[in-house]
There are 2 protein chains.
Amino acid sequence: MPGWQDVQNVGIRDVAKVAGVSVTTVSHALSGRRPVNPETRERVLRASESLGYLPDPHAGGLRASRTWVIGVLGEAVLTTPYAGQLVAGAQEVADEHSYVVIALDSGFSPERETRNIAMLGRRRVDGVVMARMYHQSVDVPAELRGVPLVLANAVTSDPSVSWIAPDERLIATDAVAHLLAHGHRRIGFATTLDDTAAAAGRAEGYRDTLRAAGIEVDESLIVRSPSTAAGGRHSAEALLGRADRPTAVFCFNDEIAMGLYQGAQGRGLRIPEDLSVVGVDDLRLISEALQPGLTTVALPHRELGRWSVAKIFQSLEDPSTPAEQVFVRCALVERGSVAHV
Amino acid sequence: MPGWQDVQNVGIRDVAKVAGVSVTTVSHALSGRRPVNPETRERVLRASESLGYLPDPHAGGLRASRTWVIGVLGEAVLTTPYAGQLVAGAQEVADEHSYVVIALDSGFSPERETRNIAMLGRRRVDGVVMARMYHQSVDVPAELRGVPLVLANAVTSDPSVSWIAPDERLIATDAVAHLLAHGHRRIGFATTLDDTAAAAGRAEGYRDTLRAAGIEVDESLIVRSPSTAAGGRHSAEALLGRADRPTAVFCFNDEIAMGLYQGAQGRGLRIPEDLSVVGVDDLRLISEALQPGLTTVALPHRELGRWSVAKIFQSLEDPSTPAEQVFVRCALVERGSVAHV
DNA sequence: TTGAAAGCGCTAACAG
DNA sequence: CTGTTAGCGCTTTCAA
C-alpha cells in the first residue's frame, strides 16, 4: 500500500517508464479521452496501480484553467450546527465530480468577507456558493462577477444570478395549517426581533393562513423576542400568562420553542395536552432532545448546499444555462408537541 | 475594482508588459526574494495593482511542490456544532499563513475515510489533521505516512506522530472537585455506553477524585446510557428514583445533562436547589439554553484545531521538529446548575 | 540590477 | 494506435 510520500513523488513519467510507453499514452489510457490498444491500456493500468500513481489535479488544472474546487462563502457556516449541513451537502455533490470544497467564514465581518472573496479569487476556484445564516436579501459583491455563483439561503434582485432559499410563507402556512388541522383556533406567534426576509415571510404566512381559515388575527398573540431560548421564555410570559392564552404557538425557531417549553413547564402547562408548539429549523440537538420531541419545520440546509453546487456544475458544463431562482418548500417533521385541542 | 474574470485572466506576463520589465523582475519585485531597483519595484507594484493581479498559488506550487492547503479528515466535523469549531480553528491559523483548509467528513464510514485520504493525497495537501468526534485511540492509516500529520481529539501509540486531546481525567477531576467544593458528597456519574478514551478517563477521574476526598465510590451511582437527552432521562430514572439519591450528578456530556434536567423536573426536583448538575462539552445550544444555565466543562475544539495546524506549520518549516503529544486541560464554565448542598 | 530559459506534472495539438 | 512537443503560470537557476 503506497504511502503519502510515494503518491507525492510518483508522476506520469514514472508510470510511462514502467509501462514502456509515452506519457501521452499513459494520460489517455487513464482518462480514456483517446482510444488506446487494450493490451497497452492494461499494461499502463497495472503500472499505475503498482506505483500508486494518482494524477495531480493541479498540474492538469494549470492547463485546463480549472482547480476542481468550489468555494463556499459563509458567515458562520462552520460553527453553527445546521449551517454546517449546507457545507456538507455542497461537499457531497462536489465529491461526485471529484471536486472539493473550501469553506470560508466571515464571522459576520464584511472586511473578512472581502478578504475571503479575494482568497477564493487567488485560488481560482471554479465556482462560488455564497451562503447566509438567515434567509435575507443581499447585493452580490462586484468582485464575484464572472464566476459561476449561487446564493444559498439568500436572494438578490439581479435576475442573472441563481439562488435558492426556503419559502418562508409556506413554512408558516404549513405550520399554522397543521395546528388548525388539530382544531386550534387561538394560535400565537413567537417571532424574532430581527428584521429579515425570514421574519417577514413567516409573519405573512401566519396571518394569511389564519384569515383564510376565517380567524381574525389577534395582534396581541404576536410577540417578539431575541431568537434564543431566553427569548422564548420571555415570549412565554407574554403569551401564557393571560387568561385567554393561546392553545398553540408557532415559534420562529427551535430555540424560541425551547424557551416556550420552559415557560410552559414553569406554569404547570403540559405539552402537548395544554399547549401545542411548532418550531422551525429542526436543530436535532434541540428538536429531538426536548420532551416531548418538537414538531418543527425542517430547514433543508443540506439540500440548499446540494442544489447550489449542482447548479454551479450545470453552468460549468454549459455556461449558457439560464439562472434559476427557487423557493423550496420545507418539510414539517412531526414529533410530539402538537395535540388536538 | 477588478472582478473575478479579470483576476482569472491577468497573469504575471501582463504585469511585466505594463511595467516594461521581465516576468522575472515582476516575480522578484512582488516576492522580495531578490533585490530590485526601488523605482522598478514601484513601477511593478503599480502595474500589478492597477491590473488587479493576484499570483496563482497553484502555478507556483507546481514548482515548489506545495499546495498551500491543509486537509482535515473528520467523521462529522462539518455537521456537528462543536466539531465545526475545530475546523474553524484550523482555518484561522491556516489563514494566517495564506493557507486554506479542505475538510472532508467520512460520516463514520471507514471506506469513505480511505477515499478521503486518497483525495487529499491526490491534491497533494501539505499537511493533514485527523480529527475524531470523541477522544479515542486510533491507528494512523499507512497511507498517511510521510505527510505532516497531527491527530486532534485522538491519540495513538506511535510516538512519532503529534497529537492533542483533552485531559479526560482532569475534566472529571475538575467537575467533581467543583461539586465537592459545594459540599456534595453523594455524587452520581451519568456516563455513556460508548467505550472510548473519553469514557474511561472520565470514569477514572471521577473515582480518584472521590477517593482522594475520602469518599468511597458507590458503584450504583454510576449509570450508563446512550449519550443523548433520552439517555439522560433514562439515567435520571435510575439515579433520582431512589431514596438515597445523589445530591449532584456529573454527566458525560451536555446532552445527557439535558436529559437529567428533564428527569429531575418530572420528579419535581429543582436544579440547583435539589440537584446540582455538571456537564461536559459546552454545546452552547444546550448549555446556554437550559434553565438554569448548565455548568459544564468546555471542550476546546477551536483550540485543538488551532494547535494542530500550528504544529503542522512547525514541521513544515523545520521537518526535524520533534513530535509532540499534549493533553489539554479544559475550562469549567460556571453557569447556574450547581449550588451548595 | 536584470533577463532568458528551464522546468514543476500534466494535457492536447499535431505528427506519424 | 502512439509519440513528440508546446504550453498552462509561475519560480529560480544561470548568465549577463
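Residues numbered from 1 in each chain as written. Chains lettered and ligands numbered in written order. Predicted model: local features only at pLDDT ≥ 70, side-chain atom pairs only at ≥ 80, totals over all residues.

Asks: What is the right way to look at the overall build of chain A in this model?
Replies: In terms of regular secondary structure, chain A is built from 13 helices and 12 strands. The C-alpha atoms of chain A give a radius of gyration of 26 Å, which is well past the 20 Å a tight globule of 341 residues would have. Based on the C-alpha atoms only, the size of chain A along its principal axes is roughly 90 × 40 × 35 Å. By residue count, 50% of the 341 residues in chain A fall in the buried class. In chain A, once contacts between residues fewer than 6 apart in sequence are set aside, the share between residues at least 24 apart is 70%. (Helix = DSSP H or I, 4+ residues; strand = E, 2+ residues; numbered from the N terminus. Rg over C-alpha atoms; globule rule 2.2 N^0.38 Å. Buried ≥ 20, exposed ≤ 12 C-beta atoms within 10 Å, placed from the backbone. Contact = placed C-beta atoms within 7 Å.)

Asks: Just checking my understanding: could you explain the relation of the copies chain B and chain A for this structure?
Replies: Relating the two copies of this chain is a rotation about some axis coupled with a shift parallel to it. Turning chain B through 180° and shifting it by 0.2 Å along the axis lays it on chain A, with an RMSD of 0.4 Å. Here the two chains are linked by the operation of a two-fold rotation axis. No C-alpha of chain B approaches the rotation axis more nearly than that of Pro81 of chain B, which lies at 2.1 Å. Mapped onto chain A, 98% of the interface residues of chain B are again interface residues, and the two copies thus contact each other with one and the same surface. (Least-squares fit on C-alpha atoms with pLDDT ≥ 70 in both.)

Asks: Could you clarify how one ought to interpret the sheet that holds strand S12 (residues 331-333) of chain B in this entry?
Replies: Residue and element names in this part refer to chain B. As summarised here, the arrangement of the 6 strands in space is S7-S6-S8-S9-S10-S12, forming an open sheet in which the pairing is mixed. Edge positions in the sheet fall to strand S7 (222-225) and S12, since each has one partner strand and no second. Here the strands of the sheet are splayed against their neighbours by 20° on average, with no regard to which way each runs. With 3 bridges connecting them, strand S10 (residues 295-298) and S12 associate as antiparallel partners. If you follow Ala298 over to S12, its bridge partner there is Ala331. (Pairing = 2+ DSSP bridges. Axes fitted to C-alpha atoms, helices over the stretch in contact; angles between N-to-C directions.)

Asks: Please explain the interface of chain B and chain A as it appears in this structure.
Replies: By a widely used convention, the size of an interface equals the accessible area lost when the partners come together. Each partner contributes to the interface: chain B provides 49 residues, whereas chain A provides 48 residues. Breaking the side of chain B that touches chain A down by element, the ones donating at least two residues are helix H1 (4-9), helix H5 (57-64), helix H6 (81-96), strand S2 (100-105), helix H7 (110-122), helix H10 (229-240), helix H11 (254-266) and helix H12 (284-287) of chain B. With 6 residues, H6 of chain B is the largest single contributor of residues to the side of chain B that touches chain A.

Asks: Mind showing me how you'd approach the nonpolar core here?
Replies: Among soluble globular proteins, nonpolar side chains are generally buried collectively. By size, the foremost hydrophobic cluster in this structure holds 178 residues, and its most contacted members are Ile70, Val72, Phe250 and Cys251 of chain A together with Ile70, Phe250 and Cys251 of chain B. Other than its neighbours up to four places away in sequence, Ile70 of chain A contacts Ala90, Ala94, Tyr99, Val101, Val125, Asp126, Gly127, Val129, Val309 and Ile312 of chain A. (Core = buried A, V, L, I, M, F, W, Y, C linked by C-beta atoms within 7 Å.)

Asks: Where do I start with the protein's contact with DNA strand D in this structure?
Replies: In the vicinity of DNA strand D lie 28 residues, with Asn37 of chain A together with Gly11, Ile12, Ser27 and Ala59 of chain B positioned nearest. Among the elements of the structure, helix H3 (23-31) and helix H5 (57-64) of chain A together with helix H3 (23-31) and H5 of chain B are those that each provide at least two residues to the surface near DNA strand D. Taken together, the residues of the surface near DNA strand D break down into 11 nonpolar, 12 polar and 5 charged. (Near = placed C-beta within 6 Å. Nonpolar A, V, L, I, M, F, W, Y, C, P; charged D, E, K, R; others polar.)

Asks: In this structure, what is going on with the protein's contact with DNA strand C? I would like to understand it.
Replies: In the neighbourhood of DNA strand C, 26 residues make up the surrounding shell, with Gly11, Ile12, Ser27 and Ala59 of chain A together with Asn37 of chain B lying closest. Secondary-structure elements contributing two or more residues to the surface near DNA strand C are H3 and H5 of chain A together with H3 and H5 of chain B. Here the surface near DNA strand C takes 5 residues from H5 of chain A, the largest share from any one element. Here the residues of the surface near DNA strand C are counted per class, giving 11 nonpolar, 10 polar and 5 charged.

Asks: Teacher, can you tell me more about the environment of Val150 of chain B here?
Replies: Residue and element names in this part refer to chain B. By the element assignment, Val150 lies in strand S4 (residues 149-155). For Val150, a count of 28 C-beta atoms within 10 Å translates into the label buried. Sequence separation between Val150 and Ala310 is 160 residues; the distance between their C-alpha atoms is 9.8 Å. Discounting chain neighbours no more than four positions away, the residues touching Val150 are Val129, Ser162, Trp163, Ser308, Lys311 and Ile312.

Asks: Would you explain the sheet that holds strand S11 (residues 325-328) of chain B in this entry?
Replies: Working definition: the strands of a sheet are paired by backbone hydrogen bonds and lie parallel or antiparallel to each other. All names here are of chain B. Pairing in this open sheet of 6 strands is parallel, and the strands run S2-S1-S3-S4-S5-S11 from one edge to the other. Looking along the sheet, the strands with just one partner apiece sit at the ends: S2 and S11. When the angles between neighbouring strand axes are averaged without regard to direction, this sheet yields 20°. The sheet contact formed by strand S3 (residues 127-137) and S4 spans 6 bridges and is parallel. Opposite Ser137, over in S4, you have Val155 as the bridge partner. Of the strands in this sheet, strand S1 (69-74), S2, S3 and S4 are in contact with H6, which crosses S2 at around 155°.

Asks: Explanation requested: the environment of Ser235 of chain A in the structure shown.
Replies: Residue and element names in this part refer to chain A. Among the structural elements, Ser235 can be located in helix H10 (residues 229-240). Overall, Ser235 belongs to the buried group, with 27 C-beta atoms counted inside 10 Å. Each C-alpha atom, one on Ser235 and one on His182, is 23 Å from the other, the two residues being 53 residues apart in sequence. When residues no more than four places from it in sequence are discounted, the contact partners of Ser235 are Ala190, Val223, Ser225, Ile256, Gly259 and Leu260.

Asks: Honestly, helix H6 (residues 81-96) of chain A in this entry has me stumped. Any pointers?
Replies: Owing to its 3.6 residues per turn, the α-helix brings residues three or four apart onto one side. All names here are of chain A. With 16 residues, H6 should reach 22 Å at 1.5 Å per residue; the first-to-last C-alpha distance of 24 Å fits that figure. The element H6 is largely enclosed, with a buried count of 13 among its 16 residues. Phi turns positive one or two residues past the end of H6, at Ser98, with a value near 60°. (Expected span 1.5 Å × (residues − 1).)

Asks: Quick question: what am I supposed to make of the packing of H6 of chain A against helix H13 (residues 301-317) of chain A here?
Replies: Packed helices, taken two at a time, are described by the angle between their axes plus the distance between the axes. Residues and elements named next belong to chain A. Contact geometry of H6 with H13 gives a least axis separation of 6 Å together with a crossing angle of 35°. Where H6 crosses over H13, the handedness of that crossing is right-handed. Residues Tyr82, Ala83, Gln85, Leu86, Val87, Ala88, Gly89, Ala90, Glu92, Val93 and Ala94 of H6 lie in contact with H13, whose contacting residues are His301, Arg302, Glu303, Leu304, Gly305, Arg306, Ser308, Val309 and Ala310. Partitioned by chemical class, the residues of the contact of H6 with H13 number 11 nonpolar, 5 polar and 4 charged. (Left-handed = near helix turned anticlockwise from the far one by under 90°.)

Asks: How should I be thinking about the packing of H5 of chain A against H5 of chain B in this particular structure?
Replies: Where H5 of chain A meets H5 of chain B, the axes come as close as 10 Å, and the angle between the chain directions of the two elements is 135°. For the element pair H5 of chain A / H5 of chain B, the angle class is oblique. In this structure, H5 of chain A crosses over H5 of chain B, and the sense of that crossing is left-handed. Along its contact with H5 of chain A, which presents His58, Ala59, Gly61 and Leu62 of chain A, the element H5 of chain B presents His58, Ala59, Gly61 and Leu62 of chain B. Among the residues making up the contact of H5 of chain A with H5 of chain B, the classes are represented as 4 nonpolar, 4 polar and no charged. (Parallel < 35°, antiparallel > 145°, perpendicular 65-115°, else oblique.)

Asks: Explain the domain arrangement of chain A to me, please; I cannot follow it from the model alone.
Replies: When the domains of chain A are assigned, the result is domain 1 (4-51), domain 2 (69-166 + 301-329) and domain 3 (168-299). For domain 1 of chain A versus domain 3 of chain A, the distance between C-alpha centres works out to 62 Å. (Domains from an automatic or database assignment.)

Asks: I tried to follow H10 of chain B on my own but got confused; where do I start?
Replies: All names here are of chain B. Across its 12 residues, H10 extends 15 Å between first and last C-alpha, which sits within 8% of the 16 Å expected from 1.5 Å per residue. Burial in H10 covers these residues: Ala229, Gly231, Gly232, Arg233, His234, Ser235, Ala236 and Leu239. The elements touched by buried residues of H10 are strand S6 (187-192), S7, strand S8 (248-251) and H11.

Asks: Would you mind going over unusual backbone geometry with me for this structure?
Replies: Most of the time, phi is negative for any residue but glycine, and the peptide bond is trans. Cis geometry is found at the peptide bond from Gln291 of chain A to Pro292 of chain A, where omega equals 0°. If you trace the backbone, Pro292 of chain A turns up in the loop between helix H12 (284-287) and strand S10 (295-298). That bond from Ile271 of chain B to Pro272 of chain B is cis: its omega, 5°, falls within 30 degrees of zero. In this fold, Pro272 of chain B is placed in the loop between H11 and strand S9 (276-281). Within the chain, Ser65 of chain A stands out as a residue other than glycine whose phi angle is a positive 55°.

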